[in-house]
Amino acid sequence: MNKTILLTAVALATTVFVNAQEPSSELQDVVVTGTRNATDIRHLPLTVTTIGNEKLNEQFRTSVLPTVMEQTPGLFTTSRGILGYGVSTGAAGSLKVRGVGSGAQLLVLIDGQPQYAGLMGHPIPDAYQTMMTEKVEVLRGPASLLYGSNAMAGVVNIVTRQMNTDGVKTDVQLQGGSYGTFSTDATNRMKFGKFTSIVGAQYQRTDGHRTNSKFEQLGGYLKLGYDFSDKWKALGDINVTHFNSSNPGPVSKPLIDNDMKITRGLASVSILNHYGWTSGALRAYLDWGHHNIDDGYTADGTPKTYLYKHNDYIGGLTWHQIFTLFAGNTTTFGVDWQHFGGSAWNADKTTGKKTHLTKDKDGNIVEKQHADEVAGYIDFRQAITSWLTADAGLRLDHHSVIGTELVPQGGLSFHLTPTADLKALVSKGFRNPIIREMYMFPPATTDLKPERMMNYELSFTQRINGRGHFGANLFYIKGDNLISTTRIDGKPRNVNTGDFENWGLELTGDCRIDRHWSLNGNYSFLHMNTPIEGAPEGKLYIGANYRQGKWAVAAGLQNISGLYITTGADEEKENYTLLNATVSYQVAPIATLFVKGDNILAEQYQTYAGFPMPKATFMGGVKMSF
């Protein structure tokens, strides 16, 4: 651990020294996740990491999650293979921020729209594709004031592609490599006067590095926009992803025919207004999914006679309006409503007969189950002086089964100099029980209460001569009422018994040395009084980029220490270091060839117990832009 901290300190100190050498103009980061509108991050007490389109694409990855994990201190996601995360037993892609995120505690948004399974509550990581992404914003710490339940640990907001100037732009990418892996995607963007369109399609597949670990995915995305005037605009979008995934099971007990066919979709229609002194949006959205899963069997077992199937949905309306009530003020009012649920059953493989799996509050089998949630919130931000901004907000959230929850938040932003800020934040996060925990499978309990946590943090950011920045965060979080499964009278039951205390340190830094070289890095240390699976104690990333003429090189070194892959009596930790690198060459104005390697050091490691990751893998391909 000491060596890791020393390396980080050296890297970040180098960043500060290099940037101090040459002054230039300062550019501010603008984010939307912390306020629902574009805001200079300096005026927000929140901790937000932004990963832009250039960074997301520099290693030609099809999924945004590997890059988001590298670039965000305190965020970790599990993996199980070269492509694909899957769902159900053996699924990877579990996201945690500062050790929190199990189940449905971390909310993923696409353009501010909730994206998770209506019955199970968890995100669907295979739907987060680079082809449709303009940037990703990660709010580290509770975001329940604006986004309600499931934003207890924070949010990952995927902002989709944009087209701001008239014309047509098309990007096509093809690549292939280790383990029969192949991927292709294409995105077309158009803007003609008041009309914009963005359409994308993707296909990828792999044989996998283990027996029975094949993965195949096909996806499409469409976004349309129309400007009625300079004050009113309409947007509509639809995104559909289908993947076929095979789970090989843990190496100690491999599975046969644990196959799943998953279709996920989301669509929305929005009306936006902007009058200078006020702006806002009204959106109607629908997120749906169909899951078809064969639970498989071990070599000494027998094939299942049924398939697990379910249909789930989340439909809702969200409205917010932002006002400048007086000088230096920003006040946001919002209302959210959503209806979510679905049906789950086992279907006999021979007869197709359904055995429904959802229950009502009295324990009777029912065909469908659902719940509603409605909330109102206000966020008040005021620049008190040129060097101090205060922020306070309150959310009143009502769940049709659980009841009402109050969510306060408050913070201060001290603008010490034009390039340095000190921020203090107190925020609450919560998560309502999901339908699976209340109405499905033997542990289900209908009298569960919301999980809650309080977050306290102090952060400092220094931007240096327009060429980089340095940031440091200290945080303390305390959670209670966590839902866990225990045995009561010999039967499993979900109860609110868990609690935790986490505290830690996060460091970030980046710099542009000259027109050829740039560096970036981050480090996070996490102390947990109760170890949590899928959460590392130490996480370090150091990245370097070099450009010379038509050549470009992007490399990254990531060290993970004290990663809990099992807890309790069989506690097990992983420590590993990964080196990834990509080399590209522009062979023509519209075409770039690239070759990349992941885990070049051929480390033996796992992020999910029983699922060893592949050693060194290599891919090569071409990207065309015209």
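Residues numbered from 1 in each chain as written. Predicted model: local features only at pLDDT ≥ 70, side-chain atom pairs only at ≥ 80, totals over all residues. Heavy atoms only, no water.

(A) Representation of the environment of Thr 485 within the structure. Position of Thr 485 among the secondary structure elements: in strand β27 (residues 468-488). Put simply, Thr 485 and Tyr 546 are 61 residues apart on the chain and 50 Å apart in space, counted from C-alpha to C-alpha. Ignoring anything within four residues of it in the chain, the contact list for Thr 485 reads Pro 443, Pro 492, Arg 493 and Asn 494. Only 2.8 Å separates the side chain of Thr 485 from the side chain of Asn 494, close enough to count as a polar contact. (Helix = DSSP H or I, 4+ residues; strand = E, 2+ residues; numbered from the N terminus. Contact = heavy atoms within 4.5 Å. Polar contact = N/O pair within 3.5 Å; in protein donor to acceptor, adjacent residues only side chain to side chain.)

(B) Highlighting empty space enclosed by the protein. The tally for this structure, following the rule as stated, stands at 6 cavities of 30 Å³ or more. Lining of the largest cavity is provided by 42 residues; of these, Arg 61, Pro 66, Gly 81, Ile 82 and Asp 598 occupy positions nearest its centre. When residues of the lining of the largest cavity are traced back to their parent elements, those giving at least two are α3 (65-71), β4 (75-77), β11 (181-192), β12 (195-206), β13 (215-227), β32 (572-588), β33 (591-598) and β34 (617-625). Considering every element that reaches the lining of the largest cavity, the biggest residue donor is α3, with 4 residues. Among the residues forming the lining of the largest cavity, the class breakdown is 17 nonpolar, 19 polar and 6 charged. In this model, the second largest cavity occupies a volume close to 210 Å³. Of all the secondary structure elements, the ones that give two or more residues to the lining of the second largest cavity are β6 (106-110), β17 (306-323), β18 (329-348), β22 (369-385) and β23 (388-399). With 3 residues, the top contributor of residues to the lining of the second largest cavity is β18. Looking at the lining of the second largest cavity residue by residue, the classes come out as 9 nonpolar, 6 polar and 5 charged. (1 Å grid on protein atoms, 1.4 Å probe; cavity = no way out; pocket = protein on both sides within 12 Å on 5 of 7 lines; lining within 4 Å. Points joined across faces, edges and corners; volume = space filled by probe spheres on them. Nonpolar A, V, L, I, M, F, W, Y, C, P; charged D, E, K, R; others polar.)

(C) Quick look at unusual backbone geometry. Phi is positive for Tyr 179, close to 60 degrees, though the residue is something other than glycine. You will see that Asn 481, though not glycine, has its phi angle at about 65 degrees, which is positive. In this structure, Asn 481 sits in strand β27.

(D) Fine view of the confidence of the model for the chain. A residue-level look at the chain finds 95% of positions with pLDDT of 70 or above and a mean pLDDT of 92. Low confidence marks residues 1-28, where pLDDT is under 50. Its contacts with residues over four positions away, or in another chain, come to 52 contacts. (pLDDT = per-residue confidence, 0-100.)

(E) Structural context of the pattern of salt bridges. Inspection of the entire model under this criterion finds 26 salt bridges. Residues Arg 61 and Glu 70 are paired through a salt bridge, measuring 2.9 Å at the closest nitrogen-oxygen approach. Among the charged side chains, a salt-bridge network with shared partners connects Arg 98, Arg 140, Glu 457 and Glu 506. (Salt bridge = Lys/Arg side-chain N within 4 Å of Asp/Glu carboxyl O.)

(F) Geometry of the packing of aromatic side chains. What the rule picks out here adds up to 14 aromatic pairs. Centroid distance Phe 323 to Phe 333: 6.0 Å. Interplanar angle 70 degrees. Geometry classified as edge-to-face. Taken together, the residues Phe 323 in strand β17 and Phe 333 in strand β18 connect sequence positions 10 residues apart. Phe 323 gets classed as partly exposed once you look at its relative accessible area, which sits at 21%. Aromatic rings pair up to connect Trp 277, Phe 323 and Phe 333 into one cluster. Here the guanidinium or amino end of Arg 98 rests over the ring plane of Phe 475, the centre of that ring lying 4.4 Å away. (Phe/Tyr/Trp six-rings, centres within 6.5 Å; stacked < 30°, edge-to-face > 60°. Buried < 20%, exposed > 50% of the residue type's maximum accessible area, 1.4 Å probe, protein only. Lys NZ or Arg CZ within 6 Å of the ring centre and 35° of its normal.)

(G) View of the sheet that holds strand β8 (residues 133-140). With mixed pairing, the 5 strands of this open sheet are ordered in space as β3-β8-β9-β6-β7. Bordering the open sheet on either side are β3 (47-52) and β7 (113-114), each of which pairs with just one other strand. As defined by bridge partners, β6 adjoins β7 across 2 bridges and the pair is classed as antiparallel. Its bridge partner lying in β7, Leu 109 is registered against Pro 114. (Pairing = 2+ DSSP bridges.)

(H) Expanded view of the pairing of β18. The buried fraction of β18 is high, at 15 of 20 residues. The sheet contact formed by β17 and β18 spans 18 bridges and is antiparallel. Residue pairing for β18: His 310 is matched across the bridge by Ala 344. Here β17 folds back onto β18 in antiparallel fashion, the turn holding 5 residues, of which Gly 328 has a positive phi close to 80 degrees. Bridge analysis of β18 against β22 gives 14 bridges, and the strand direction is antiparallel. Residue Thr 331 lies in a different strand from β22, and its bridge partner there is Phe 380. The sheet contact formed by β18 and strand β19 (residues 354-356) spans 3 bridges and is antiparallel. When the bridges of β19 are listed, Trp 345 appears paired with His 356.

(I) Local environment of the side chain of Ser 183. Among the secondary structure elements, Ser 183 is positioned in strand β11. Setting aside residues no more than four positions away along its own chain, Ser 183 makes contact with Thr 62, Gln 173, Leu 174, Gln 175, Tyr 203 and Gln 204.

(J) The arrangement of the side chain of Arg 395 in detail. The residue Arg 395 is located in strand β23 in this model. With relative accessibility at 3%, the residue Arg 395 sits in the buried group. Within the local environment of Arg 395, its side chain forms a polar contact with the side chain of Asp 336, the two groups lying 3.1 Å apart. When near neighbours in sequence (up to four residues on either side) are disregarded, Arg 395 contacts Ser 144, Leu 145, Leu 146, Tyr 147, Gly 148, Asp 336, Ala 375, Gly 376, Tyr 377, Glu 405, Leu 406 and Val 407.

(K) Representation of the pairing of β13. Bridge count between β12 and β13: 12 bridges; the pairing is antiparallel. Across the sheet, residue Gln 202 finds its bridge partner in β13, namely Gly 219. Sheet topology note: the β13/strand β14 (residues 232-246) ladder contains 13 bridges and is antiparallel. Directly across from Leu 224, in β14, lies its bridge partner Gly 236. What sits between the antiparallel neighbours β13 and β14 is a turn of 4 residues.

(L) Layout of the environment of Ile 565. For Ile 565, the location among the structural elements is in strand β31 (residues 551-566). Here the alpha-carbon distance between Ile 565 and Gly 410, two residues 155 residues apart in the chain, equals 35 Å. When neighbours within four sequence positions are excluded, Ile 565 is seen to be in contact with Glu 533, Glu 572, Glu 574, Gln 606, Thr 607, Tyr 608 and Ala 609.

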